[in-house]
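Geometric and topological summary
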Amino acid sequence: MRAAPALRLQSTRCSSLWTSDKPAVSGSSCGMAVPLLLRLPLMFYLTSTVDAAVYRTRPQPTAALLGQTVTLRCSFYNLRTDDVVNWFGPPEFQHISAARNVHSRYTRYAVVDSNADAGEFNLEIRDAQHEDDGIYRCSTFYAENAADARLTVVVPPVKRPEIIIKSDPPTVGQTLRVICRSAGGRPVPKLTWYNGTRLIRQPVHGWNRGRKTLDGQSVLMIPVLTKWDNGMNVTCKADQGFPDLVEPGVASVVLNVQYPPAVSAVKRVVSVKEGTFTNLSCSVDSNPQAAVMWRRLDGHLPTDGAERHRSFILPVVSREHTGRYQCRADNGIQPDAFATILLDVLFPPTIQTQFDKVDVLFGNTDYSLECKADGNPKPKIRWRRANTNLYFNNPLRFSKSDYQTEGNYECVAESVGFPTAARQAAINVIGRPDIRGDPETIRTSQGSSVTLLCEVNADPPLSSISWYWRNERGLQTTLRKNRVSGVSIRQRTTTMGTDSILVIDSVGTSNAGEYSCKAANMFGEDSRDFTIVVEGPPVFIIAMVTGVLAVSIILTVVAGICIARRRNCRCRKTNTQDMPISNGTKPLPPTHPKDTSMVELENFRGTMKPRPPTKGGKDLYAIGVNYPNPVLQTPTYASVDRRKCHCKDEETHRKQIHMETHRRPKTNRPKTKPDHVLSPYSGDSWRVVSTKRALPEYCDAKDASYAYDGPYNKCQHL
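These lines cover the structure that appears in this document, whether it is placed above or below. This one's a predicted model, so the numbers in the text were calculated from it and none came from an experiment. (Residues numbered from 1 in each chain as written. Predicted model: local features only at pLDDT ≥ 70, side-chain atom pairs only at ≥ 80, totals over all residues. Heavy atoms only, no water.)

Considerations on the overall build of the protein
Our working rule: The secondary structure listing takes helices from DSSP runs of H or I that are at least 4 residues long and strands from runs of E that are at least 2 residues long, numbered from the N terminus. Accessibility here uses a 1.4 Å probe with only protein chains present; expressed as a share of the type maximum, an area under 20% marks a residue as buried, one over 50% as exposed, and anything in between as partly exposed. Only the protein chains shown count as covering a residue, and every accessible area follows the Shrake-Rupley method with a 1.4 Å probe.
In terms of regular secondary structure, the protein is built from three helices and 49 strands. Counting the 718 residues in the protein, one finds 36% classified as buried. A total accessible area of about 43200 Å² is found for the protein, and carbon and sulfur atoms account for 52% of it.

What follows is the structure in structure tokens.
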């Protein structure tokens, strides 16, 4: 900001060059020399622009309270010595000062500077008054765009704004005018409305609001009040626009809108068990508070109940309290309001019907027995046989009354949350006798015994029961107790009536025919027929069965012998003498002192195996033999025909028989192949195979030895 004087000096030097006839020095900031005729207009322009004053501080709009001192600031750059700073002010830009000289009529005004700055010309006004309010201008002769600033002298309102409500009290459906007034103040305060902290600029909560503002007064209009306007906090704010000088004034009011009561039941249906406590309650919304009254719609209000404003209390509930109750609210503003509550008292089921002994006529097809029960909730009523779980619907209906339906029945009433109630009824069937069963045909043979049973149910008791027999020729005979040979009649008493039993000890052809049992009492009679058919003597059947059994036994014995014979071959003693071996050497001594050939087998885990020998008795030169058996005697090797014995085992694991040859010294081991080679077979057992002779399929039963060929199941003569 202090560079302006240097600029002025530089311009002066350049202007001296422009007026000189000398050429410009090389490197000079003024540039090359210009002809004199061209320098004169340019010099005049630069002189008029470069030396003009420039605002350093423009006056700003300022506000001050009445009686305060206020300063309007103004300063310049490039003020010439002959340039004068002037202040103009209200009214109509009167000349206040020139340079630092103030007109005599402005005694409270002064032009001051700060820090003895020559460029500052601040206007100071002491004890600001109403007439000081207006527009001020600071300017010089050479300054362009003179600067103006407004001075506002603020006068606070005398008091805070107040709110006036024309309708008292306001009621739902009315039009409400709310007025806000501000007393005094300059400038006049601006009045604004708030709903709580929210500015009211447009309809809120469905209001159709209107605002009319005058100087110091504002009106808020609510065309139609609703219950939702009750309790609204309406605020009026008076603001002069200078919060740093004067705090805005605020006035508030809470709308008290009166409206008729609205009533609702806390619970529309109250279910409670008999003998407990209950409280019937209503919720009431009204302004002002409403008075609540209780009444019972279907009777008188219980005298043991207590009214507690919005509640009706019953200490001990009984089933007589069941009904509809109404609470009514009234606060003087129409219409009244009410709510209805249903009190549902729950109590256990009770059977109301009394049952004595019920007599039913036998054969009645249209009889029913109904059971009635009371309870809440409504009980489910069923019938059942006493001491059973067989249930029937209510009413109890009998498609046909007979003695089987007679007995004790129970009426059962069930409700959720309560014990089951039951009451018994005895059904007694009376009428004619009833003989159980249909006509029956009995086929029997001569000599057998026949029993005929006649089961009679009757109430009252029987007056008579008789048996009748009609033979094949149509002759009818009355059978009496113990009067007919071979026929006996006896009776026994049962819970349902009488059983009559006819027994024929030995049936013959003469006993064939139709038998009838008839029973009667005072209501009538009933009968049942039996037909006995004698088909023939039983001797032939017994003989035939006996013969079949005898033949079966014989065949079983023969089959057992054959099976045992095939499974266990018996080896007899052979008469053939031992022959010398073909190579001229004598046979080895036998391993057993006896000359007979014996086979001894032992059972090992379900299979028959040769008993193992002692460890030192093995013949290492035995052909096809794993080990010798000390009790197994086999024929010696000879050039003559030999017979071998193999026994079949039909079980899952075959018994194997190993043949033992005579021990031979190691030095006398034959060099030629033996006559027989015992080779393994993949079948069930081992077998002896001759490589020199054919094996005719022939077995001499007289020989003491047998050969068993496992795969072919045959005895072979070797």
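Brief notes about the state of the cysteines
In plain terms, the rule: Counting rule for disulfides: a pair of cysteine sulfur atoms within 2.5 Å.
Applying the stated criterion across every chain, the model contains five disulfides. Paired by a disulfide, Cys74 and Cys138 hold their sulfur atoms 2.0 Å apart. In this structure, the disulfide formed by Cys74 and Cys138 twists by about -80° around the S-S bond and is classed as left-handed. Note that Cys74 is positioned in the loop between strand E3 (70-72) and strand E4 (75-77) and Cys138 in strand E10 (residues 134-140), a separation of 64 residues in sequence. We classify Cys74 as buried; its relative accessible area is 0%. Look at Cys138 and you get buried, because its relative accessible area is 0%. Two residues share a disulfide in this structure: Cys371 and Cys411, whose sulfurs sit 1.8 Å from each other. Disulfide Cys371-Cys411: torsion about the S-S bond near -85°, hence left-handed. Of the two residues, Cys371 sits in the loop between strand E29 (367-369) and strand E30 (373-376) while Cys411 sits in strand E34 (residues 407-414), which places them 40 residues apart along the sequence. The residues Cys371 and Cys411 share a single accessibility class, namely buried.

Quick notes on the pattern of salt bridges
Worth spelling out the cut-off: Each reported salt bridge corresponds to a side-chain nitrogen of Lys or Arg within 4 Å of a carboxyl oxygen of Asp or Glu.
Tallied over the entire structure, the rule returns 17 salt bridges. For Asp113, the salt bridge identified is with Arg100, shortest N-O distance 3.5 Å. Residue Asp113 is located in the loop between strand E8 (109-112) and strand E9 (122-125), and its partner Arg100 is located in the loop between strand E6 (94-98) and strand E7 (101-102); the two are separated by 13 residues in the primary sequence. A relative accessible area of 32% places Asp113 in the partly exposed class. The class for Arg100 is partly exposed, based on a relative accessible area of 33%. Arg296 is the salt-bridge partner of Asp298, the closest N and O atoms lying 3.2 Å from each other. Under the relative-accessibility criterion, Asp298 is labelled partly exposed at 47%. Judged by its relative accessible area of 15%, Arg296 is buried. Connected through shared salt-bridge partners, Arg108, Glu131 and Asp132 make up one network.

Section: the packing of aromatic side chains
This is how it is decided: Between rings of Phe, Tyr and Trp, where Trp is taken as its six-membered ring, a pair exists when centres lie within 6.5 Å; planes separated by under 30 degrees are stacked, by over 60 edge-to-face, and by other angles tilted. The rule is short: NZ of Lys or CZ of Arg within 6 Å of the ring centre and within 35 degrees of the ring normal puts a charge over the ring.
The full count for this structure, using the stated rule, is twelve aromatic pairs. Seen in terms of ring centroids, Phe362 and Tyr403 are 5.0 Å apart; in terms of plane orientation they differ by 25°. Their pairing is stacked. Note that Phe362 is positioned in the loop between strand E28 (357-361) and E29 and Tyr403 in the loop between strand E33 (396-398) and E34, a separation of 41 residues in sequence. Each member of the pair, Phe362 as well as Tyr403, is classed as buried. Within the aromatic cluster, the residues linked to one another by ring pairs are Tyr367, Phe392, Phe398 and Tyr409. Over the ring of Phe121 we find Arg100, and its NZ or CZ is 4.5 Å from the ring centre. Over the face of the ring belonging to Tyr468 we find Lys518, whose NZ or CZ atom lies 5.2 Å from the ring centre.

Thoughts on unusual backbone geometry
Between Asn287 and the following residue, Pro288, the backbone shows a cis peptide bond with an omega angle of 5°. Tracing the chain through its elements places Pro288 in the loop between strand E22 (278-287) and strand E23 (291-296). Across the junction of Asn394 and Pro395, the peptide omega takes the value 5°, indicating a cis bond. The backbone of Phe93 shows a phi angle near 55°, a positive value even though the residue is not glycine. The class of Phe93 is partly exposed, set by a relative accessible area of 35%. Of note, Asp127 is a non-glycine position whose phi angle comes to about 50°, a positive value.

Quick notes on a nonpolar patch on the surface
Where we set the bar: By definition, no residue in a patch forms a salt bridge, and every one has over 30% relative accessible area; like charges are joined within 9 Å, nonpolar side chains (Val, Leu, Ile, Met, Phe, Trp, Tyr) within 5 Å.
Residues Leu361, Met522 and Phe523 make up a contiguous nonpolar surface patch of roughly 350 Å² in combined accessible area. Locating Phe523 in the fold gives a position in the loop between strand E42 (513-521) and strand E43 (524-534). We classify Phe523 as partly exposed; its relative accessible area is 41%.

Some thoughts on the nonpolar core
Condition: Put simply, buried Ala, Val, Leu, Ile, Met, Phe, Trp, Tyr and Cys residues joined by side-chain atoms within 4.5 Å make one nonpolar core. In what follows, residue pairs with any heavy atoms lying within 4.5 Å of each other are defined as contacts.
One finds Leu452, Trp467, Leu479, Leu502, Ile504, Tyr515 and Ile532 to be the most contacted residues of the largest nonpolar core, which totals 22 residues. Elements that contribute at least two residues to this core include exactly strand E37 (450-459), strand E38 (464-470), strand E40 (487-493), strand E41 (497-504), E42 and E43. By residue number, the principal contributor to this core is E37, which donates four residues. Beyond its immediate stretch of four places on either side in the chain, Leu479 contacts Trp467, Trp469, Val484, Ile489, Leu502 and Tyr515.

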